[in-house]
Amino acid sequence: MSGLLTKDLSIFYGTKRAVQNVSLAFPSYSVTALIGPSGCGKSTFLRALNRMNDFIPHCSITGEVQFNGQNIYHPQVDSVLVRRQIGMVFQKPNPFPKTIFENVAWGPKRAGISSSVIPRLVEESLKAAALWSEVSDRLNSPALGLSGGQQQRLCIARAIAMKPSVLLMDEPCSALDPIATARIEELIGNLKQKFTIVIVTHNMQQAARVSDTTSFFLNGGVIETGETKSFFTRPEKVETENYLTGKFG
Amino acid sequence: MSSKHFSAQFEEDLTKLKDSLLLMGGTIESMLNETHEALLRNDANLARRVIHRDVEVDNLEKVVDQQALQILALRQPAAIDLRFVTSAFKICTDLERMGDILVNICERICELAEVEQLKPYEILPEMMQTVRRMISLSLDSFVNQSTETAAEVLESDQKVDQMTREIFSELVLLMKSHENAVERGLKLFFITKHLERLADHSTNIAEQVIFTVKGLDIRHSHAPGPTPSSI
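If you're wondering where the values come from, they're calculated on a predicted model, not measured in any experiment.

**Focus: the overall build of chain B**
And then number 1: A count of helices and strands for chain B gives 6 helices and 1 strand.
And then number 2: Along chain B, helices (α) and strands (β) appear in the sequence β-α-α-α-α-α-α when read from the amino end.
And then number 3: Projected onto its principal axes, the C-alpha positions of chain B cover 65 × 40 × 20 Å.
And then number 4: Burial status across chain B gives 42% buried among its 231 residues.
And then number 5: Summarising the internal contacts of chain B: among those between residues at least 6 apart in sequence, 78% fall at separations of at least 24.

**Points about helix 6 (residues 182-214) of chain B**
And then number 1: If you check helix 6 of chain B, its first and last C-alpha atoms are 48 Å apart, about what 33 residues at 1.5 Å a residue would give, namely 48 Å.
And then number 2: Two residues or fewer past helix 6 of chain B, Gly-215 of chain B is found with a positive phi of approximately 75 degrees.

**What about the packing of helix 1 (residues 8-41) of chain B against helix 4 (residues 123-144) of chain B?**
Residues and elements named next belong to chain B.
And then number 1: Remark: helix 1 packs on helix 4, axes separated minimally by 11 Å, with the N-to-C direction vectors making an angle of 170 degrees. The orientation of helix 1 with respect to helix 4, classified from their angle, is roughly antiparallel. Of the residues in helix 4, those in contact with Leu-21, Leu-22, Gly-25, Ile-28, Glu-29, Leu-32, His-36, Leu-39 and Leu-40 of helix 1 are Pro-125, Met-128, Arg-132, Ile-135, Ser-136, Leu-139, Phe-142 and Val-143.
And then number 2: Residue composition of the contact of helix 1 with helix 4, by class: 12 nonpolar, 3 polar and 2 charged.

**As for the pairing of strand 3 (residues 31-35) of chain A**
All names here are of chain A.
And then number 1: For strand 3, the tally of buried residues reaches 5 of 5 residues, placing the bulk of the element in the interior.
And then number 2: Of the two faces of strand 3, the one holding Val-31, Ala-33 and Ile-35 and the one holding Thr-32 and Leu-34 are both buried throughout.
And then number 3: Summarising the sheet, strand 3 and strand 8 (residues 196-200) pair through 4 bridges and their orientation is parallel. Bridge pairing links Val-31 to Ile-197 in strand 8.
And then number 4: When strand 3 meets strand 9 (residues 213-218), the two strands line up parallel, connected through 4 bridges. Along strand 9, the bridge assignment pairs Ala-33 with Thr-214.

**Some details on the nonpolar core**
And then number 1: Counting 135 residues, the largest nonpolar core has Ala-157 of chain A together with Cys-106 of chain B as its most contacted members.
And then number 2: A per-element tally of this core places helix 3 (residues 79-112) of chain B first, with 18 residues.
And then number 3: Excluding residues that lie within four positions of it along the chain, Cys-106 of chain B makes contacts with Thr-35, Ala-38, Ala-47, Val-50 and Ile-51 of chain B.

**Observations concerning helix 10 (residues 238-245) of chain A**
And then number 1: Within helix 10 of chain A, the full set of buried residues consists of Thr-240, Glu-241, Tyr-243, Leu-244 and Thr-245 of chain A.
And then number 2: Buried residues along helix 10 of chain A sit in contact with helix 8 (204-210), strand 9, strand 10 (221-227) and strand 11 (247-248) of chain A together with strand 1 (4-5) and helix 3 of chain B.
And then number 3: Just downstream of helix 10 of chain A lies Gly-246 of chain A, where phi reads positive at about 70 degrees.

**Details of the interface of chain A and chain B**
Frequently, the measure chosen for interface size is the accessible area that the parts lose on association.
And then number 1: Counting residues at the interface gives 14 residues for chain A and 15 residues for chain B.
And then number 2: For the side of chain A that touches chain B, the secondary structure elements donating two or more residues are helix 8, helix 10 and strand 11 of chain A.
And then number 3: With 4 residues, the top contributor of residues to the side of chain A that touches chain B is helix 10 of chain A.
And then number 4: Within the side of chain A that touches chain B, the residues separate by chemical class into 5 nonpolar, 6 polar and 3 charged.

**Focus: the environment of Val-238 of chain A**
And then number 1: Tracing the chain through its elements places Val-238 of chain A in helix 10.
And then number 2: Under the C-beta neighbour-count criterion, Val-238 of chain A is labelled exposed, with 12 such atoms within 10 Å.

What counts and how
- Residues numbered from 1 in each chain as written.
- Chains lettered and ligands numbered in written order.
- Predicted model: local features only at pLDDT ≥ 70, side-chain atom pairs only at ≥ 80, totals over all residues.
- Helix = DSSP H or I, 4+ residues; strand = E, 2+ residues; numbered from the N terminus.
- Buried ≥ 20, exposed ≤ 12 C-beta atoms within 10 Å, placed from the backbone.
- Contact = placed C-beta atoms within 7 Å.
- Expected span 1.5 Å × (residues − 1).
- Axes fitted to C-alpha atoms, helices over the stretch in contact; angles between N-to-C directions.
- Parallel < 35°, antiparallel > 145°, perpendicular 65-115°, else oblique.
- Nonpolar A, V, L, I, M, F, W, Y, C, P; charged D, E, K, R; others polar.
- Pairing = 2+ DSSP bridges.
- Core = buried A, V, L, I, M, F, W, Y, C linked by C-beta atoms within 7 Å.

Structure representation (structure tokens):
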């Protein structure tokens with residue numbers, strides 16, 4: 001198991017409980033996919049894993065998110081440092097309106113990393129995100145001039161530049177075409193050698209392709225978690241079976 | 001598959017696939033019944049009619065393959081639906097092979113009609129009856145998605161194997177003692193072997209039903225693993 005796990009985690013928007021008593025552990029250097037219907041709480045849960053919900057008014061939690069044995073919601077824990085260790089890639093690519101280089105360098109600069117090592121860090125990050133060969137000759141061009149798929153890989157490079165242990169991905173391919181999606185999926189397969197990855201996706205085939213473990217969320221709770229290769233062919237719970245096969249009744 | 005899919009079209013596609021397999025199975029059953037009659041009555045004309053019906057099975061094989069392929073391509077099924085569609089491919093192949101085997105049996109019946117019968121059949125009609133029942137049960141288990149019925153088929157296979165051995169022994173004795181029985185004996189030898197293969201194919205179908213319903217792969221389970229009684 002990795003250093004990341006949740007214990008009886010419930011998440012509330014005001015008084016409404018969006019996630020209830022979820023205890024999940026995320027295996028190291030592997031991909032865990034969170035699937036479930038819209039509104040089941042999977043994205044809310046994902047955002048809680050690096051305290052992104054802190055920005056949402058009236059959002060509160062009970063239970064714990066432990067990272068390397070430490071509850072990240074402990075009052076003495078710095079949420080900025082948490083997000084440095086547990087990075088996130090969002091649904092829509094959101095590069096800064098800056099150059100390609102500055103997009104990747106921005107985080108390390110803010111973290112006080114010496115400017116002498118930043119060019120090498122940018123190159124390493126872009127290479128890890130499988131983007132270097134496409135942009136190495138135009139690092140000073142605007143990031144917004146890249147295609148959607150390239151922008152998303154740039155955002156992954158930006159997250160990697162902070163050298164996190166965990167990467168959270170919230171439907172990272174939902175705005176991309178099939179070719180760009182295939183490249184991101186290929187990239188996820190490579191990234192798991194260095195990072196623990198948790199991905200939320202609506203695309204069940206994508207979950208089946210990229211993940212090692214799959215958790216099915218329904219009505220704020222986890223119905224079933226299992227090894228992906230058997231999860232999609234032989235789920236154990238009726239609710240999972242009905243969701244995977246698109247059934248009702 | 002008791003609950004319905006949200007997509008009515010998907011539901012319809014799966015129903016059509018199931019119906020095509022049932023039609024294929026029904027055709028095999030009907031061909032087998034006629035083969036049984038042809039053997040008992042030494043009726044070469046009826047046997048030839050069965051041979052001509054094999055094209056129906058061949059055509060249905062192509063229909064089933066196309067329907068299953070379309071579902072895989074368009075619907076990307078998962079869980080029990082995925083198991084059902086992959087089983088459809090395998091069941092379809094088994095049924096097609098059964099059609100070919102019935103043709104082989106009927107060809108031998110046509111040849112037997114030209115050779116004098118030495119003595120009445122004893123075990124062969126019973127074996128034919130057992131195989132008919134196995135095929136019927138395997139198709140029933142598919143229709144009703146019943147693992148209990150499928151388990152009955154698996155248990156019957158041993159009985160067929162035993163009858164095969166008995167007929168072989170009897171034929172060897174007959175051929176040793178009557179020189180003029182060799183030609184006929186060899187043809188009956190082949191028919192017996194073909195019937196035994198039909199039983200094997202119905203066993204395959206039953207195994208696929210168990211895989212579809214429970215996700216258990218019990219093929220080649222002579223080694224430790226689930227047995228018919230534990231399904």
